[in-house]
Amino acid sequence: ELPPSEFLQVADSTWLVLSVVSNGREPPGCQATGVTKIARSVIAPLAEHHVSVLMLSTYQTDFILVRERDLPVVIHTLAGEFDIYREESGECVPVTCDDVSNGFLKPKPAASPTLHPVQSPQTRFCVLTVAPDTLPAIATMLIDVLFYSHTPPWDAATDSQHLDSITFFSFSLIEGYISIVMDAETQKRFPSDLLLTSSTGELWRMVRIGGQPLGFDECGIVAQIAEPLAAADISAYYISTFNFDHALVPEEGIAEVIQLLQQRQESSR
């Protein structure tokens, strides 16, 4: 419904959503598996089969978006580890490899993936949710932050590899479940009794992936971050965007994360 505009960029692919749950009978909003928990079973195999993915973590669970044209390869790749279902009229219908065999192309030998630079700003972030019925109470503030608040002053002469802060705000509404990621300073502008987080109220630090817009054709970008974190059993909240990828990790673990990623880059040179 959006009118054509020279200011509106649209990727030329149509994407489908994969929701990974530990039990196919669990409803939406079940306990999240976590991006690092599915690194070996989903993310790495798809990268090896040249499937580009977009990753979207939410407060409730994690979603992987794949291009519609890659669906045959996705199903053949994951069918050995997972029961796969497609949603039809609200019902889950089992999918077998036979359903997509005509479109399956065997993968070519995988080339070594590009390791993109990572940056870790000093900004501290919160991962929150809000009850849908209380959303109107923060709607005005939400619109102001999303569309009208000015970017904090930033010195253009600052080395882009050593960002002191980053402007990042993420809002998602999926099947009635709301997830919000905002920096700790922005959180102070909202009524504290309406924003819900875990009982520990942990803060998160960000690792931003990419020195320039990444595009959608390359595979293995999510795996670059998820695999070493999975090996170290470090949880991560991951959000792919049109230009860059972003991984949020618990604040107390940021030094270990940076060290792990630097070691991986050095060993791949």
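Refer to the structure presented above.
Source: prediction; values computed, not measured.

> Got a minute to help me understand the environment of Tyr-59 in this structure?
Relative to the assigned elements, Tyr-59 resides in the loop between strand E2 (53–57) and strand E3 (62–67). A relative accessible area of 30% places Tyr-59 in the partly exposed class. Separated by 121 residues in sequence, Tyr-59 and Ile-180 have C-alpha atoms that sit 7.7 Å apart.

> I would appreciate a short explanation of helix H1 (residues 39–48) in the present structure.
Of all 10 residues in H1, 7 are buried; the element is thus mostly enclosed. Of the positions making up H1, those classed as buried are Ala-39, Val-42, Ile-43, Ala-44, Pro-45, Leu-46 and Ala-47.

> Sorry if this is basic, but what is going on with the pairing of E2 here?
Burial of E2 is extensive: 4 of the 5 residues sit out of reach of the surface. Bridge analysis of E2 against E3 gives 5 bridges, and the strand direction is antiparallel. Among the inter-strand pairings, Leu-56 is bridged to a residue of E3, identified as Phe-63. Hairpin connection between E2 and E3: a loop of 4 residues separates the two successive antiparallel strands.

> How should I be thinking about the environment of Glu-68 in this particular structure?
Of note, Glu-68 is situated in the loop between E3 and helix H2 (71–78). Along the chain, Glu-68 and Ser-13 lie 55 residues apart, while their C-alpha atoms are 7.5 Å from each other. In this structure, Glu-68 is in contact with Thr-14, Trp-15 and Leu-16, ignoring residues within four places of it in sequence.

> Explanation requested: H2 in the structure shown.
The α-helix winds at 3.6 residues per turn, so residues separated by three or four positions along the chain end up facing the same way. Taken across its 8 residues, H2 has 6 buried, putting it largely inside the fold. All buried positions along H2 are accounted for by Pro-72, Val-73, Val-74, Ile-75, Thr-77 and Leu-78.

> Explanation requested: a nonpolar patch on the surface in the structure shown.
A cluster of nonpolar side chains, contributed by Ile-143, Leu-146, Phe-147 and Tyr-148, occupies part of the molecular surface with about 460 Å² of accessible area. Using a relative accessible area of 58% as the deciding quantity, one classes Tyr-148 as exposed.

> Which parts of the structure should I look at to understand the packing of aromatic side chains?
Here a ring pair, both rings aromatic, is described through the centre-centre distance and the interplanar angle of the planes. With the rule as written, the count across this model stands at 2 aromatic pairs. Ring geometry for Phe-125 versus Phe-168: centroids 6.1 Å apart, planes at 85°, classification edge-to-face. Of this pair, Phe-125 sits in strand E7 (residues 124–128) while Phe-168 sits in the loop between helix H3 (135–148) and strand E8 (170–174), placing them 43 residues apart in sequence. For Phe-125, a relative accessible area of 0% translates into the label buried. Just above the ring of Phe-244 sits the side chain of Arg-208; from NZ or CZ to the centre is 4.5 Å.

> Help me understand the pattern of salt bridges, please; the structure alone is not making it clear to me.
Two side chains bearing opposite charge may form a pair once their charged atoms approach each other closely. One pass over the full model with this rule turns up 6 salt bridges. Among the ionic pairs, Glu-251 bridges to Arg-124, the shortest N-O distance being 2.8 Å. Taken together, the positions of Glu-251 in the loop between strand E12 (245–250) and helix H6 (254–267) and Arg-124 in strand E7 put the pair 127 residues apart, joining distant regions of the chain. Residue Glu-251 is classed as partly exposed on the basis of its relative accessible area, which comes to 27%.

Calculation rules
- Residues numbered from 1 in each chain as written.
- Predicted model: local features only at pLDDT ≥ 70, side-chain atom pairs only at ≥ 80, totals over all residues.
- Heavy atoms only, no water.
- Helix = DSSP H or I, 4+ residues; strand = E, 2+ residues; numbered from the N terminus.
- Buried < 20%, exposed > 50% of the residue type's maximum accessible area, 1.4 Å probe, protein only.
- Pairing = 2+ DSSP bridges.
- Contact = heavy atoms within 4.5 Å.
- Patch = residues over 30% accessible without salt bridge, like charges linked within 9 Å, V, L, I, M, F, W, Y side chains within 5 Å.
- Areas by Shrake-Rupley, 256 points an atom, 1.4 Å probe, with all protein chains shown as cover.
- Salt bridge = Lys/Arg side-chain N within 4 Å of Asp/Glu carboxyl O.
- Phe/Tyr/Trp six-rings, centres within 6.5 Å; stacked < 30°, edge-to-face > 60°.
- Lys NZ or Arg CZ within 6 Å of the ring centre and 35° of its normal.

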